[in-house]
Amino acid sequence: MKTSVKATLISVAVVVVLVVAALIYVLISQSKAALPSSGGGAPSAQPVRQNSHILDGGGEGAVTVVEFLDFECEACGAFYPIVEDLREQFAGEITYVVRYFPLPGHFNSKNAAIAAEAAAQQDRFEDMYHRLFESQVEWGEAQESRADLFRGFAEELGLDMVAYDAAVADPSTSERVDQDFEEGRALGVSSTPTFFVDGELAQLQEWDDLENLIQAAVSGGQ
């Protein structure tokens, strides 16, 4: 009886050791898989990418202003006319870049970003950008898809609708939006609008803080 119990305990101990060893192996494997390779890891986060949408190109030496935005965000909508005034005020002195950051709490923010990206594939990003902000009151805060409304905007802009529909349905269009969002998070973006001026995160407290930061950057480069 004692021999049988001893054998059973030994068997249980062996099984436990094997299970623990297997768990350790799995955890180590997962950790290694999560680490970037030494030679070809993903590039570090950057405020501007080659495929980022540029509304205004100021040329060599211009101050670069980047906005991470959500088309459904009321604060972004409130900043929209301010941004338009700044683009006019600093025309030729700044390069103005827009990147997507659709907040999960906004039902149609990603649909809007996808519509803008589909328009961008026909070189009409800025037209859709204006249309989405100017109509925000019509669809913002809706709890059902407004993709059909955005498609109507595309028709009004005279886009090739076959190409537009194909772009909206293409997973790569959604992935393009996600890339901006994930890079924004890596850069410390957590709300919208978030601005970067010459690569530096802008800390805004007052409505004219962005103008002052841009003015300081423009003056500093002269």
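What comes next is a walk through the structure.

Conventions and cut-offs
- Residues numbered from 1 in each chain as written.
- Predicted model: local features only at pLDDT ≥ 70, side-chain atom pairs only at ≥ 80, totals over all residues.
- Heavy atoms only, no water.
- Core = buried A, V, L, I, M, F, W, Y, C linked by side-chain atoms within 4.5 Å.
- Buried < 20%, exposed > 50% of the residue type's maximum accessible area, 1.4 Å probe, protein only.
- Helix = DSSP H or I, 4+ residues; strand = E, 2+ residues; numbered from the N terminus.
- Contact = heavy atoms within 4.5 Å.
- Salt bridge = Lys/Arg side-chain N within 4 Å of Asp/Glu carboxyl O.

**Looking at the nonpolar core**
Phase 1 of the analysis: Phe71, Met128, Tyr129, Leu132, Tyr164 and Ile214 are the most contacted members of the largest nonpolar core, which has 45 residues in total.
Phase 2 of the analysis: The element contributing the most residues to this core is helix α3 (residues 109-120), with eight residues.
Phase 3 of the analysis: Beyond its immediate chain neighbours, meaning those up to four positions away, methionine 128 contacts Ala115, Ala116, Ala119, Phe150, Phe153, Ala154, Leu157 and Tyr164.
Phase 4 of the analysis: Judged by nonpolar contacts, the second largest core, of eight residues, contains Val66, Val97, Phe101 and Leu103.

**Some points on the pattern of salt bridges**
Phase 1 of the analysis: For the structure on display, the rule yields 14 salt bridges.
Phase 2 of the analysis: The closest approach of N and O atoms between glutamate 84 and arginine 87, which form a salt bridge, is 3.1 Å. One end of the pair is glutamate 84 and the other is arginine 87, both in helix α2 (residues 74-89) and three residues apart, which spans about a single turn.
Phase 3 of the analysis: The closest approach of N and O atoms between arginine 151 and aspartate 165, which form a salt bridge, is 2.7 Å. Taken together, the residues arginine 151 in helix α6 (residues 147-156) and aspartate 165 in helix α7 (residues 161-169) connect sequence positions 14 residues apart.
Phase 4 of the analysis: For arginine 151, a relative accessible area of 28% corresponds to the partly exposed category.
Phase 5 of the analysis: Here aspartate 165 falls in the partly exposed class, since its relative accessible area comes to 31%.

**What to know about the environment of leucine 201**
Phase 1 of the analysis: For leucine 201, the position within the fold is in strand β5 (residues 200-201).
Phase 2 of the analysis: Judged by its relative accessible area of 34%, leucine 201 is partly exposed.
Phase 3 of the analysis: With 14 residues separating them in the primary sequence, leucine 201 and leucine 187 have C-alpha atoms 8.6 Å apart.
Phase 4 of the analysis: In this structure leucine 201 touches Thr194, Phe195 and Phe196, once residues within four positions along its chain are discounted.

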